[in-house]
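# Remarks on the overall topology
Spelled out from the first residue to the last, the chains are:
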Amino acid sequence: MKLGILSRNSKLYSTRRLVEAADQRGHEVRVVDPLRCYMNITAHNPQIHYKGDILDQFNAVIPRIGASITFYGTAVLRQFEMMNVYPLNESVGISRSRDKLRSLQLLSRRGIGLPVTGFAHSPDDIDDLLATVGGAPCVIKLLEGTQGLGVVLAETKQAAESVIQAFMGLKQHILVQEYIKEAKGSDIRCFVIGDKVVAAMKRQAKEGEFRSNLHRGGSATLCRITPEERATAVRAAKVMGLNVCGVDLLRSNHGAVVMEVNSSPGLEGIENASGKDVAGMIIDFIEKNAKPNRTKTKGRG
Ligand code: ADP
Ligand code: MG
């Protein structure tokens, strides 16, 4: 097959591993910087141009679109979908996952366990908003934050009010969430491919930190998950419409809750913790599933 990887940097671990796995399986693979793609939007013959070439050779594309380029990156991916190229994850699923509020609303609609979460626009509603999530301590998040940046733990009601006011003053959309203290700075990353969790790891925040992100100094170890956790992760992926994703669970007193679904999950942490060839499994999945006209949305919606 001819595969395209939409990634800004071919030196990144995840990109390198996907290239390697595709090579090993005899596929032709090219890394394409989505920000260098330009397009003509026509009904009859949609095209993507890249550094003077026309990209019309791919059977499938693997989007590795960073949060900072979601808007342009998903537009490029949508164009591939219009050209009937099979996307590992569809643009719609990626857009959903990048908006924490939209994701949580979709997941809650399907009865998936979540931390109690509230959101409001007006500073006048802060008091009530805090009460709905059980008061302080609570977690305040920017809707489009990533890698732990934009996630704040407010220990007291006063702190929560000040932080919320500050974010609102900066015209940032936020959500306020019950703090799952019993998780003790850890979460479980379930790596989903298709309808399976192929590997899971526990991420533990460094001393004095509540965010377990590896980018924030967290450490990862292999972990066993329960059949319920497995089922929850697979359902969450399905609801989001993602074939490949990282579903992050917090182990709370009321069972595992989904904190976030990541549509471009990193491979380094999970491959090191599990010792598994996750990149290879992704390419295997594409071999089984990539066919023209297999996208559900073809860039619609
Ligand atoms: P990001 O998209 O920036 O990774 P997350 O929502 O995943 O944002 O939050 C970052 C980290 O903060 C999580 O990995 C988790 O360790 C911690 N965290 C987030 N929400 C909660 C919560 N409600 N209770 C306890 N810890 C949380
Ligand atoms: Mg996260």
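Residues numbered from 1 in each chain as written. Chains lettered and ligands numbered in written order. Predicted model: local features only at pLDDT ≥ 70, side-chain atom pairs only at ≥ 80, totals over all residues. Heavy atoms only, no water.

Across all of its chains, the model carries 15 salt bridges by this definition. In this structure, the salt-bridge partner of Asp 127 is Lys 157, at a minimum N-O distance of 3.0 Å. Of this pair, Asp 127 sits in helix 5 (residues 126-132) while Lys 157 is found in helix 6 (residues 157-169), placing the two residues 30 residues apart along the sequence. The exposure class assigned to Asp 127 is partly exposed, which follows from its relative accessible area of 45%. Since its relative accessible area comes to 43%, Lys 157 is described here as partly exposed. (Salt bridge = Lys/Arg side-chain N within 4 Å of Asp/Glu carboxyl O. Helix = DSSP H or I, 4+ residues; strand = E, 2+ residues; numbered from the N terminus. Buried < 20%, exposed > 50% of the residue type's maximum accessible area, 1.4 Å probe, protein only.)

On to the sheet that holds strand 16 (residues 255-262), then. Taken in spatial order, the five strands make up an open sheet running 14-13-12-15-16, and their pairing is antiparallel. Either end of the sheet is taken by a strand with one partner, and the two such strands are strand 14 (219-222) and strand 16. Looking at each pair of strands side by side, their axes are set apart by 30° on average, direction ignored. Here strand 15 (residues 244-252) runs beside strand 16; their pairing, made up of seven bridges, is antiparallel. Bridging from a neighbouring strand, Val 247 pairs with Val 261 of strand 16. Contacts from helix 9 (residues 278-289) reach strand 12 (186-193), strand 13 (196-204) and strand 15, with the element oriented near 35° to strand 12. (Pairing = 2+ DSSP bridges. Axes fitted to C-alpha atoms, helices over the stretch in contact; angles between N-to-C directions. Contact = heavy atoms within 4.5 Å.)

With that settled, consider the nonpolar core. Phe 80, Leu 107, Val 247, Val 258 and Val 261 are the most contacted members of the largest nonpolar core, which has 43 residues in total. Of all elements in the fold, only strand 4 (47-50), helix 2 (70-82), helix 4 (100-109), strand 12, strand 13, helix 7 (227-240), strand 15 and strand 16 reach the threshold of two or more residues within this core. Here this core takes six residues from helix 7, the largest share from any one element. Counting the residues that make up this core, at least three belong to each of domain 1 (2-89) and domain 2 (96-113 + 182-284). What Val 261 contacts, discounting residues up to four positions off in sequence, is Ser 97, Leu 107, Ala 236, Met 240, Leu 242, Cys 245, Gly 246 and Val 247. (Core = buried A, V, L, I, M, F, W, Y, C linked by side-chain atoms within 4.5 Å. Domains from an automatic or database assignment.)

As a further point, take the site of ligand 1. Around ligand 1, the surrounding shell holds 21 residues, and the nearest of these are Lys 100, Lys 141, Gly 148, Asn 213 and Glu 260. With respect to ligand 1, the side chain of Asp 187 contributes an N or O atom lying 3.2 Å from an oxygen atom. A distance of 3.4 Å separates an oxygen atom of ligand 1 from a polar atom in the backbone of Phe 210. Within the complex, 97% of the 540 Å² of free accessible area of ligand 1 lies under protein. Only strand 9 (138-146), strand 10 (149-154), strand 11 (174-178) and strand 16 provide two or more residues apiece to the shell around ligand 1. Looking at the shell around ligand 1, its residues break down into eight nonpolar, seven polar and six charged. Here the shell around ligand 1 spans two domains, and each of domain 2 (96-113 + 182-284) and domain 3 (117-179) adds at least three residues to it. (Near = heavy atom within 4 Å. Polar contact = N/O pair within 3.5 Å; in protein donor to acceptor, adjacent residues only side chain to side chain. Areas by Shrake-Rupley, 256 points an atom, 1.4 Å probe, with all protein chains shown as cover. Nonpolar A, V, L, I, M, F, W, Y, C, P; charged D, E, K, R; others polar.)

Here we come to the domain arrangement of the protein chain. As assigned here, the protein chain comprises domain 1 (2-89), domain 2 (96-113 + 182-284) and domain 3 (117-179). Averaged C-alpha coordinates put domain 2 and domain 3 at centres separated by 23 Å. On the domain 3 side, the residues contacting the 13 residues of domain 2 number 18 residues. Carbon and sulfur atoms supply 59% of the area that domain 2 and domain 3 bury against each other, a total of about 1,300 Å² over both sides. Interface area lost by domain 2 to domain 3 is led by Lys 100, Leu 101 and Phe 210, which between them contribute 43%. The tally of links between domain 2 and domain 3 comes to zero salt bridges. Our count for the contact surface shared by domain 2 and domain 3 stands at four residue pairs in polar contact (both at pLDDT 80 or more). Counting residues per element, the side of domain 2 that touches domain 3 draws most heavily on helix 4, which supplies four residues. (Buried area = accessible area lost by both parts, 1.4 Å probe.)

To continue, consider unusual backbone geometry. The amide bond that connects Ala 136 to the next residue, Pro 137, takes the cis arrangement and shows omega of -5°. Despite not being glycine, Asn 84 has its phi angle at roughly 70°, a positive value. Structurally, Asn 84 is set in the loop between helix 2 and strand 7 (86-87). Residues other than glycine seldom take positive phi values, yet Gln 147 does so here, at roughly 60°. Its place among the elements puts Gln 147 in the loop between strand 9 and strand 10. Taking relative accessible area as the criterion, Gln 147 reaches 36% and is therefore assigned partly exposed.

With that settled, consider helix 4. Along an α-helix, a turn takes 3.6 residues, which lines up residues three or four apart on a common side. Turning to helix 4, its buried residues are Lys 100, Leu 101, Ser 103, Leu 104, Leu 106 and Leu 107. Contact partners of the buried residues in helix 4: helix 3 (91-98), strand 8 (117-118), strand 9, strand 11, helix 7 and strand 16. Its side-chain oxygen placed 3.0 Å from the backbone nitrogen of Leu 101, Asp 99 serves as the N-cap of helix 4. Of the residues one or two after helix 4, Gly 111 is the one with positive phi, at around 75°.

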